[in-house]
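Observations on the model geometry
Residues per chain are reported as follows:
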2 protein chains.
Amino acid sequence: MRILTLLLVIAASLASLSSHAEDGYDLWLRYQTLPESYAKDVNRTIKNLVPGDINDPTRALAIEELQTGFSKMLGKPLPIKSNAGKASLMLLTSEALAQISNDVDTAKLTELGDEGYLLTQAKINNKPVTLIAANSEQGLLYGAFELLQQMQLQTSLKELNHSSSPKIQRRVLNHWDNLDGSVERGYAGSSIWDWWELPGVINPRYKDYARANAALGINGTVLNNVNSKAISLDHRYIEKAAALAEVFRPYGIKVYLSARFNAPMELDGFENADPQNPKVRQWWKDKAKEIYQIIPNFGGFLVKANSEGQPGPGDYGRSHAEGANMLAEALEPYGGIVMWRAFVYSEHDAEDRGKQAYNEFKPLDGKFKDNVLLQVKNGPIDFQPREPYHPLFGAMPNTPLMMEFQITKEYLGFATHIAYLAPLYQEVLAADTFAKGKGSTVAKVIDGSLDGHKLTGIAGVANIGHHRNWSGSIFNQANWYAFGRLAWDPYADSQTIGRDWLALTFTNEEQFTEPTLGMMMRSREAVVDYMTPLGLAHLMATGHHYGPGPWVSDLGRPEWNPAYYHKADKNGIGFDRTKTGSNALAQYSKEVAQSFADPKTMDERYLLWFHHLPWDFKLQSGKTLWQGLVEHYDHGVEEAKAMQQTWQSLKPYVDQERFTDTAQRLQIQVDEAQWWRDASLAYFSHVSGKAIPQGTTPPKHDLQYYIKLSFPYAPGN
Amino acid sequence: MRILTLLLVIAASLASLSSHAEDGYDLWLRYQTLPESYAKDVNRTIKNLVPGDINDPTRALAIEELQTGFSKMLGKPLPIKSNAGKASLMLLTSEALAQISNDVDTAKLTELGDEGYLLTQAKINNKPVTLIAANSEQGLLYGAFELLQQMQLQTSLKELNHSSSPKIQRRVLNHWDNLDGSVERGYAGSSIWDWWELPGVINPRYKDYARANAALGINGTVLNNVNSKAISLDHRYIEKAAALAEVFRPYGIKVYLSARFNAPMELDGFENADPQNPKVRQWWKDKAKEIYQIIPNFGGFLVKANSEGQPGPGDYGRSHAEGANMLAEALEPYGGIVMWRAFVYSEHDAEDRGKQAYNEFKPLDGKFKDNVLLQVKNGPIDFQPREPYHPLFGAMPNTPLMMEFQITKEYLGFATHIAYLAPLYQEVLAADTFAKGKGSTVAKVIDGSLDGHKLTGIAGVANIGHHRNWSGSIFNQANWYAFGRLAWDPYADSQTIGRDWLALTFTNEEQFTEPTLGMMMRSREAVVDYMTPLGLAHLMATGHHYGPGPWVSDLGRPEWNPAYYHKADKNGIGFDRTKTGSNALAQYSKEVAQSFADPKTMDERYLLWFHHLPWDFKLQSGKTLWQGLVEHYDHGVEEAKAMQQTWQSLKPYVDQERFTDTAQRLQIQVDEAQWWRDASLAYFSHVSGKAIPQGTTPPKHDLQYYIKLSFPYAPGN
């Protein structure tokens, strides 16, 4: 007995020795020791490395990463050779390749563009080699990361013949990080940028950030919050940004800054920031010059203007196009771009908030300079658990539209709920706008193929913070990963991405990956069900958006109130966006509008987004709307519980540290799903006068209890 | 050539593989592999482990730590035995020891008290064993940590005969951590407490925090800022604190909370928080009961009252004693204590700020309940680079006084300057109050030996944050370590402590430790010289206290202005605290007052603290005060440069990650020392009308340049 306890203590002790290895820091670059059989396979295929000219800093990083990967996965780095030998791993640009071999189809290589790569088995000097080929050093780096990923997935190298190039040009993270270190909507702790100690102190984490992103093909990062401070453009802060840019540059990651539109006023005492004021225009030109002098590969500006209190061209009666073009003009000589956000709604406009961006920007189609991207959120409101796609997609053929997804889970349970977001992203990307007939998907709008745009982009609002695991929870890492994969290829499949992530993050074993993938794939729908089922939206408590607040109806601006969005009363619930209501439906193409027009036949996942319906409205299931609503809420809670059970059954496959952390979060998720369901039903039952159906558990507390709960220190606010 | 570059890349690559091991996370628990010769010595002396009854959670942790240490230092854990054998390592309480051996002097053991331990070679069952003996499981844990420390220092185990017990009872960290995650005066990132996710998510770091502190003998932690929020005492937050308390409990660390004096009003709508109001008294009794129900070993309250805007008993015309006693009464049934801060000064009192605490508290001597400690900052102002000791020490014989040191470097360069604080702590502890004749040192006041107090305490304002290395810089860890060592033994020597810390943190090699120790030992004096030489104080810029601001004289309260402290004008400089001035000198004993009375003979390190002197006053060196001041500023800059040079010479002994991080910080320190010197001299030259002496470099910029600098995002504010 005693000895048994002792053994347990010793086991715990030894576990704790290695526990820090499983803190999630390594993300998808864990490079775990490979199983023997696969390791043999690799060792037969790759015996040495021919690095080529490593004076190029990007190639040097590719070699470094390969050697790190081989060392960790196979126990030692590869011997270095200067020329091709048997079983060499070679990194060759298409130019270099053409000089030494005609074994590879050069035309195929040309198609890969500036960033693509080819992984293949080839013969060089009559020797069988594994080849990473590309048209640029950057492509070689991406190829090296891909080879390492395929090795982690235990893909047979013998059969390797794999080329890839990104379909979208600007694949960018948006950090909503403030200069004081806080992160708006950040649930992974404060910012990883130490603005205070920059540029003097370069935290090694900056390099690991670049590695993690480059491994996914992310090639840009906006360092500061869209709700920006002018001082970010002050020389002292540009030097800080430059220090980060220098770390990121060889990884192919450009630095962008959010620009405050009235910076000339705040920094240099200008009387206005009017885009028609020549002095203002000159100020921006001078500022661009100043930036490019110390950040030669600076990406450009992201701008939130005339939205939620931010200054903008509208302050002077100028259009968004005039504002964006002034900045674009300043950046143009250096190849910089402007990412101008379409997320605008006005406190003075009584129009349906969901319609305002379209109304504002649709008339500006074609009026932006060539180096402007219009950055549009995935849905017309604001990163809800589910929204229909934004009606601007497909409606501005003469303007390149950039997608803005939210990776951080502002409205999906912060860092304590599991919600795998790839299905949400994919749902939007695959949505058909019918702009040029069937098949005009949102993906085709943003990758430029529908309207022939060369400048294309996609942005994800980062979920990255100082937390050791970067994203606040292990499963939140999957959303960063999935965003990167979909930014590279917006037609990729969320299930494949999820499976790859699981294998990279935990283990290849199917007994683990399959049930866990199932849990992930259903997780976002669970959140929809226990928060905002049947097309409801924006019912979260005010400000911090944590927990339910459907009862809130007394805020200064109507569209800040959850009650604005659900419009529930004793007669019914839902936002009428048909002809009898705001007619937001008319902002979509005819085909799409038709598909949502009839509540009896439409996809009920969007039902109350478009329709205000009586509580007794018959759903397709035959149940009443009220019954259906209750069932969705209940189902959400059941799904949360099911996830918890699944996870418990997976304990044998997961290290203790990550198992426990996830289990603790799932307990919170189960508790909060119940809270959401109970509070929401208590409220809707109250306003509708409908009783909780027989056989259904009534809410634990009365409505007042839920209304009184307050969370003054909810994060990210 | 190419191959050489290649080799460099590979070397860098391999270095990066292990680089994360040297991120500073492990503090003084690194347990590096021991050199072979010493390892042999250990292996001969200790061959197995007899753990005893590990059902005790504290002992289980001692065993776990020993096994972790042996595994890391020697490659494998110790085999477990149930009874003493040859070369066993045994953990025995005095009780258990008495039953099986009379080889050890029991009287000696009794003297060790509740927390002391004995490490010795002994014979048990006629077998030579290494013995950790103590009167409690807690003592055994401390003994285990000490054994592991001695092994890291490569002390010969054969000669081990070492007993120790703490001289101060409450050895406490004060976290100025806010509930939103920010840390007042924190320069190591935001709080390590994730109040939001507690109690649901237990970050493994909480355990490592407890290990690091227990290794030093720290046995208490105040979780929240002294500028506290009432909600910390709300049930939801008590549950969060309880989750931390549960992690810390087996390590012998008690949790304390800062209590907001008007909590009954803010939490429960009381009309007042008057200590004479029976309902208020009852509220605190109920609150104490509620806390102890879920935190059975709760330590008690820390209170900042009627100071800098905090509510307190003075709001109702009651004394600090009446306020403290009300809380003490509530905690008494459970063994809790009150730590009542003496850091008070009033906006309505025109008296020398440095005198006010004494005036307020001296008359209350003997009026506090037995479970109250009065927590007094080391000096009469506020954690300056140098202050004379606080005159309350020695002046309140009937009240146990608790020392409050600041570990975080609010006034000593944040996290970007090296300033080893043990010499500062030691200087205060060794100061002689002459309260009961010569030898009445501050250390004797606070360890209770001077006045026969049993309840004793020492607090350090923590420098801990989420930064991977905990303290913002590697060298800041030394201050946490030194505080812990001096809390255990206030007579310990700062040089010995520094040498131990270096060996635990870097390496035992003398070629490294001796020059580095020299650098550390001079570092605080360097800061004094380039910031506030010759007894000057509080010249830092307003609010954030970053950088020089001697010119500031327009703030709302006089004592917020640096000009209040230096009183420089064209005639002279310094604060007259003699009879002709505020006569703060009279608050000290006759002997001390005399020693500071004559500016011509006194210790010039305190010169301008006590005296206002003409610029041409002759210093003991024969130079004028103005010349001397310039020389001190110059010397400070030279010392910073010398530290930088020393560090550069130590590159061969330090891993790349920690070498670079420290080198980057030293560059900032050199730059900022120069800034401090230049700005201060520009200002003092301006007010005095004295020219910068011939042969001395004039300030780089004019005074206006320095005045205009602003730092809106300085941390910790």
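No experiment lies behind these values; they were computed from the predicted model shown.

Thresholds applied
- Residues numbered from 1 in each chain as written.
- Chains lettered and ligands numbered in written order.
- Predicted model: local features only at pLDDT ≥ 70, side-chain atom pairs only at ≥ 80, totals over all residues.
- Heavy atoms only, no water.
- Helix = DSSP H or I, 4+ residues; strand = E, 2+ residues; numbered from the N terminus.
- Rg over C-alpha atoms; globule rule 2.2 N^0.38 Å.
- Areas by Shrake-Rupley, 256 points an atom, 1.4 Å probe, with all protein chains shown as cover.
- Lys, Arg positive; Asp, Glu negative; His and termini not counted.
- Charge placed at Lys NZ, Arg CZ, Asp CG, Glu CD.
- Contact = heavy atoms within 4.5 Å.
- Buried area = accessible area lost by both parts, 1.4 Å probe.
- Salt bridge = Lys/Arg side-chain N within 4 Å of Asp/Glu carboxyl O.
- Polar contact = N/O pair within 3.5 Å; in protein donor to acceptor, adjacent residues only side chain to side chain.
- Nonpolar A, V, L, I, M, F, W, Y, C, P; charged D, E, K, R; others polar.
- Buried < 20%, exposed > 50% of the residue type's maximum accessible area, 1.4 Å probe, protein only.
- Pairing = 2+ DSSP bridges.
- Axes fitted to C-alpha atoms, helices over the stretch in contact; angles between N-to-C directions.
- Right-handed = clockwise from strand over helix to strand, strands pointing away.
- Domains from an automatic or database assignment.
- Arc of directions from axis to C-beta.
- Least-squares fit on C-alpha atoms with pLDDT ≥ 70 in both.
- Parallel < 35°, antiparallel > 145°, perpendicular 65-115°, else oblique.
- Left-handed = near helix turned anticlockwise from the far one by under 90°.
- Phe/Tyr/Trp six-rings, centres within 6.5 Å; stacked < 30°, edge-to-face > 60°.
- Lys NZ or Arg CZ within 6 Å of the ring centre and 35° of its normal.
- Core = buried A, V, L, I, M, F, W, Y, C linked by side-chain atoms within 4.5 Å.
- Patch = residues over 30% accessible without salt bridge, like charges linked within 9 Å, V, L, I, M, F, W, Y side chains within 5 Å.
- Expected span 1.5 Å × (residues − 1).
- pLDDT = per-residue confidence, 0-100.

A word on the overall build of chain A. Secondary structure summary: chain A contains 23 helices and 15 strands in total. Taken over C-alpha atoms, the radius of gyration comes to 26 Å for chain A, in line with the 27 Å a tight globule of 717 residues would show. The dimensions of chain A, computed from C-alpha atoms along their principal axes, are 85 × 80 × 50 Å. When the accessible surface of chain A is totalled, it reaches about 25,300 Å², and 49% of it is carbon and sulfur. Computing the positive centroid from 70 side-chain charges and the negative centroid from 81, chain A places the two 3 Å apart.

Further remarks concern the interface of chain A and chain B. At the junction of the two partners, chain A supplies 59 residues and chain B supplies 59 residues. The contact between chain A and chain B buries some 4,900 Å² in all, and 65% of this surface belongs to carbon and sulfur atoms. The tally of links between chain A and chain B comes to two salt bridges. In this structure, the connection of chain A to chain B is made through eight residue pairs in polar contact (both at pLDDT 80 or more). Elements with a contribution of two residues or more to the side of chain A that touches chain B: α1 (2-18), α3 (57-74), α7 (204-214), α8 (235-248) and α22 (656-688) of chain A. Tallying contributions element by element places α1(A) first for the side of chain A that touches chain B, with nine residues. Considered class by class, the residues forming the side of chain A that touches chain B number 28 nonpolar, 17 polar and 14 charged.

Here the focus is the side chain of Ser228(B). Residues and elements named next belong to chain B. Of note, Ser228 is situated in the loop between β7 (220-222) and α8 (235-248). For Ser228, a relative accessible area of 4% corresponds to the buried category. Residues contacting Ser228, with those up to four places away along its chain left out, are Ser258, Ala259, Arg260 and Gln310.

Another aspect to go through is the side chain of Arg170(A). Residue and element names in this part refer to chain A. Inspection of the secondary structure puts Arg170 in strand β6 (residues 170-174). Although Arg170 is buried, it makes no salt bridge; Glu115 carries the closest opposite charge, 8.3 Å away. Polar side-chain contacts of Arg170 include one of 3.1 Å to the side chain of Gln169. Looking at Arg170, its side chain comes within polar contact range of the side chain of Tyr256, at 2.8 Å.

What follows deals with the sheet that holds strand β4 (residues 127-134) of chain B. Residue and element names in this part refer to chain B. Across the sheet, five strands lie side by side as β1-β2-β4-β3-β5; this open sheet has mixed pairing. Edge positions in the open sheet fall to β1 (48-50) and β5 (161-164), since each of these has one partner strand only. On average, each strand axis in the sheet is inclined to that of its neighbour by 30 degrees, with strand direction left out of account. Of the strand pairs in this sheet, β1 and strand β2 (residues 88-93) are connected by three bridges, and their pairing is parallel. Residue Val50 lies in a different strand from β2, and its bridge partner there is Met90. Sheet strands in contact with helix α3 (residues 57-74) are β1, β2 and β4, and its direction is about 160 degrees off that of β2.

Here we take up the pairing of strand β8 (residues 254-258) of chain B. Residues in a regular strand project their side chains so that they alternate between the two faces of the sheet. All names here are of chain B. Burial runs high along β8: four of the five residues are buried. Bridge analysis of β7 against β8 gives three bridges, and the strand direction is parallel. Residue pairing for β8: Val222 is matched across the bridge by Tyr256. The parallel pair β7 and β8, bridged by α8, forms a crossover whose chirality is right-handed.

The domain architecture assigned to chain A consists of domain 1 (2-18 + 27-164), domain 2 (170-505) and domain 3 (528-575 + 612-708). Between the C-alpha centres of domain 1 of chain A and domain 3 of chain A there is a distance of 47 Å.

What follows covers helix α2 (residues 36-45) of chain B. Residue and element names in this part refer to chain B. Among all positions in α2, only Tyr38, Ala39, Asp41, Val42 and Thr45 are buried. End-on view of α2: buried residues confined to an arc of 155 degrees, all on one side of the axis. Seen from the open side of α2, the exposed residues pointing more than 90 degrees away from its buried face are Glu36, Ser37 and Arg44. Structurally, α2 contributes buried residues whose contacts are with α3, β3 (117-124), β4 and α6 (137-152).

Moving on to the relation of the copies chain A and chain B. For the match of chain A to chain B, the screw axis carries a shift of 0.0 Å, the RMSD comes to 0.0 Å, and the turn is 180 degrees. Taken together, the rotation and translation relating the two chain copies correspond to the operation of a two-fold axis. Within chain A, Ser190(A) has its C-alpha nearest the rotation axis, a separation of 3.5 Å. In this assembly, 100% of the residues forming the interface of chain A have copies in chain B that are likewise at the interface, indicating an isologous arrangement.

Further remarks concern the packing of helix α16 (residues 494-505) of chain B against helix α17 (residues 510-531) of chain B. Each pair of packed helices can be described by the angle between their axes along with the distance between the axes. Residue and element names in this part refer to chain B. Two elements in contact, α16 and α17, have axes whose closest approach is 10 Å; the angle formed by their N-to-C orientations is 130 degrees. Relative to α17, the element α16 is oriented oblique. Remark: the crossing between α16 and α17 carries right-handed chirality. Counting all contacts with α16, which are made through Ser494, Gln495, Gly498, Arg499, Trp501, Leu502 and Ala503, the residues of α17 involved are Phe512, Thr513, Glu514, Thr516, Leu517, Met520 and Met521. Residue classes in the contact of α16 with α17 are distributed as seven nonpolar, five polar and two charged.

On to the pattern of salt bridges, then. Residues and elements named next belong to chain A. A full pass over the atoms with the stated rule returns 78 salt bridges over all chains. When the shortest N-O distance is used, the salt bridge between Arg577 and Asp352 registers 2.8 Å. A residue pair is termed long-range when its members are at least 10 positions apart, and Arg577 in the loop between β14 (572-573) and α19 (590-597) and Asp352 in the loop between β10 (337-341) and α12 (353-361) qualify at 225 residues. Pair check on accessibility: Arg577 and Asp352 agree, each one buried. One continuous salt-bridge network, built from bridges that share partners, spans Arg386, Glu427, Arg524, Glu525, Asp603 and Arg605.

Glancing now at the packing of aromatic side chains. Across all of its chains, the model carries 96 aromatic pairs over all chains by this definition. One cation-aromatic arrangement involves Lys567(A) over Tyr564(A); the distance from NZ or CZ to the ring centre is 4.4 Å.

Ranked by size, the top nonpolar core spans 234 residues in total, and within it Trp28(B), Phe248(B), Trp284(B), Trp340(B), Trp480(B), Trp647(B) and Phe684(B) carry the most contacts. Here this core gets 13 residues from one element, more than from any other, and that element is helix α22 (residues 656-688) of chain B. Every residue in contact with Trp480(B), bar those within four places of it in the chain, is listed here: Leu27(B), Trp28(B), Leu173(B), Ala212(B), Asn213(B), Leu216(B), Ile218(B), Ile407(B), Asn463(B), Ile464(B), Trp470(B) and Ser471(B). Core analysis: the next-biggest nonpolar cluster, separate from the first, contains 233 residues, Ala243(A), Tyr425(A), Leu502(A) and Leu619(A) among them.

Residue and element names in this part refer to chain B. Around the barrel, which closes on itself, the eight strands sit in the order β6-β7-β8-β9-β10-β11-β12-β13 with parallel pairing between neighbours. Put simply, the sheet's adjacent strands are angled 25 degrees from each other on average, direction ignored. In terms of strand pairing, strand β6 (residues 170-174) meets β7 through three bridges, oriented parallel. Paired with Asn174 across the strands is Val222, a residue of β7.

Residues and elements named next belong to chain A. A contiguous patch of positive charge on the surface is contributed by Lys40, Arg44, Lys47, Lys86 and Lys158. Inspection of the secondary structure assignment puts Arg44 in helix α2 (residues 36-45). You can call Arg44 exposed: its relative accessible area is 53%.

Moving on: α22(A). Side chains of residues three or four places apart in an α-helix project in the same direction, reflecting 3.6 residues per turn. Residue and element names in this part refer to chain A. Spanning 33 residues, α22 covers 47 Å between terminal C-alpha atoms, matching the ideal 48 Å at 1.5 Å per step. Taken across its 33 residues, α22 has 28 buried, putting it largely inside the fold. Once α22 finishes, Gly689 follows within two positions and takes phi at roughly 75 degrees, a positive value.

All names here are of chain A. A residue-level look at chain A finds 97% of positions with pLDDT of 70 or above and a mean pLDDT of 95. Note on residues 1-19: pLDDT is under 50 here. Beyond four places in sequence and across chains, it has 24 contacts. Among the scores for the predicted complex, ipTM is 0.96 and pTM is 0.97.

Our focus in this paragraph is unusual backbone geometry. Cis geometry is found at the peptide bond from Leu198(A) to Pro199(A), where omega equals -5 degrees. Mapped onto the elements of the fold, Pro199(A) is located in the loop between β6 and α7. One non-glycine residue, Ala87(A), adopts positive backbone phi at about 60 degrees. Relative to the elements of secondary structure, Ala87(A) occurs in the loop between α3 and β2 (88-93). With a phi close to 75 degrees, Trp470(B) is a non-glycine residue in the positive phi region. Mapping Trp470(B) onto the fold places it in the loop between β13 (457-461) and α15 (474-488). Assessed through its relative accessible area of 0%, Trp470(B) is described here as buried.

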